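Structural features, examined
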Amino acid sequence: MQSIAHFTIPQITDITDPAITAQLQHALDQKTKPQGSLGRLEALALRLGQILGSTAPALQQPQMLVCAGDHGLAARGVSAFPADVTWQMVHNFLAGGAAVSVLARQHGMALTVVDCGVARAVEPPVGSSPAAAQEQSFTPPRLLQRRLAAGTQDASCGPAMTPEQCAQALANGQEVVRGLPGNVLLLGEMGIGNTSVASLLLARLGGVDLAACTGAGTGLDAEGVARKRAVLQQALQANAQATSPLQALAALGGFEVATLVGAVLQAATERRVIVVDGFISSAAVFVASRLRPAVLQRCVFAHRSGEPGHALMLAQMQAEPLLDWGLRLGEGSGAALAWPLLVSACAILREMASFEAAGVAGRVDCSPGN
């Protein structure tokens, strides 16, 4: 394993290109429609063209990456569900019965599930769900074992990870993405207690009041939220010296979040489109962007979740999510739901006719003197 001090943060270049941006905007303005009449779909098309450096962007072999891990904090009652649900849900992903499994299958996405440190070791299930089996085109999700331990330590008592574990998780995320085809990475996660991790990272790296960024997670009542906030305050105090992005990630984060940070850095290096799901996936991007701000140029934020901290985190990254449906499931479900919007945005750029090509009259200049 490698220490954080020796972890090499990859260089991520600024992809701002005024020429390609002007070409994209001109192409959109010349489509057979009033300028701007497709609203935010046009902004999304522009964004995708900028990321892929093309006026005819094509999304190829989308990869849904779901990273899973358990958290020592879960024993402190920060979630309404027991920690064993992480292991159970990973099996559900692999069997094809979870929401993200259904949505990935619907949209023809490859689904890779990574055991980054689930408390119980995960083995691939035999067979799949009846619903999945009915789909002739169903490709079973793939399981990758990148276990660092049987869950992190309790961050309310000290660092959740050692520096070496954090560095290895980052490297694992990079390695996983290097092995995936395509030019789109959709982020997902699973880990009971990981909304606590996202809240802690936002509070420490964003300077946001802990009470404002801590919500009900999987469904805590008011008493449970108060207990959760008290535990998270202990975690911040126990790791008061962890102030840099990587220090905070190691002290407060989870194996799955750190693996996603590495995945985001690698995807950005390869200039893939990064489709960000909810609060926890956004936390991984938040950390990565504090290391390399140009990461955000490659990101499309799928939705604003019902978790209160997510809106605050999105604001810090100046991100405008595509959907606002009160989603709070995680798994990558919101990223998968937003996926058709990306497909449509690219299709508009590639396939919609221009006024000239279609023989349609353009806008008439009605200014005085004309």
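Scoring rules and cut-offs
- Residues numbered from 1 in each chain as written.
- Predicted model: local features only at pLDDT ≥ 70, side-chain atom pairs only at ≥ 80, totals over all residues.
- Heavy atoms only, no water.
- Helix = DSSP H or I, 4+ residues; strand = E, 2+ residues; numbered from the N terminus.
- Rg over C-alpha atoms; globule rule 2.2 N^0.38 Å.
- Buried < 20%, exposed > 50% of the residue type's maximum accessible area, 1.4 Å probe, protein only.
- Contact = heavy atoms within 4.5 Å.
- Areas by Shrake-Rupley, 256 points an atom, 1.4 Å probe, with all protein chains shown as cover.
- Lys, Arg positive; Asp, Glu negative; His and termini not counted.
- Charge placed at Lys NZ, Arg CZ, Asp CG, Glu CD.
- Expected span 1.5 Å × (residues − 1).
- Pairing = 2+ DSSP bridges.
- Axes fitted to C-alpha atoms, helices over the stretch in contact; angles between N-to-C directions.

1. Some thoughts on the overall build of the chain
A tally of helices and strands in the chain yields 14 helices and six strands. Against the compact-globule benchmark of 21 Å for 370 residues, the chain has a radius of gyration of 21 Å, which places it among compact chains. In terms of principal-axis extent, the alpha carbons of the chain reach across some 75 × 50 × 45 Å. For the chain, the proportion of its 370 residues judged to be buried stands at 56%. Partitioning the contacts of the chain with sequence separation of at least 6, the portion at a separation of at least 24 is 81%. Carbon and sulfur atoms form 53% of the exposed surface of the chain, whose accessible area is close to 15000 Å². The distance from the centre of the 24 positive side-chain charges to the centre of the 26 negative ones in the chain is 2 Å.

2. Looking at helix H3 (residues 84-95)
Across its twelve residues, H3 extends 17 Å between first and last C-alpha, which sits within 8% of the 16 Å expected from 1.5 Å per residue. Along H3, the positions that sit buried rather than exposed are Val 85, Thr 86, Trp 87, Met 89, Val 90, Phe 93, Leu 94 and Ala 95.

3. Some remarks on the environment of Arg 142
For Arg 142, the location among the structural elements is in strand S3 (residues 142-145). In the structure, Arg 142 is positioned 18 residues away from Pro 124 in sequence and 8.4 Å away in space, judged by C-alpha atoms.

4. Quick word on the sheet that holds strand S5 (residues 273-276)
Pairing is parallel across the open sheet formed by six strands, whose spatial order is S3-S2-S1-S4-S5-S6. In this open sheet, the two edge strands, each paired with only one partner strand, are S3 and strand S6 (299-301). Taken pair by pair, the neighbouring strands of this sheet meet at an average axis angle of 25°, ignoring direction. Here S5 runs beside S6; their pairing, made up of three bridges, is parallel. Bridging from a neighbouring strand, Ile 274 pairs with Cys 299 of S6. Contacts between helix H11 (residues 279-291) and the sheet are confined to strand S4 (184-190), S5 and S6, with S4 contributing the most and set at about 120° to the helix.

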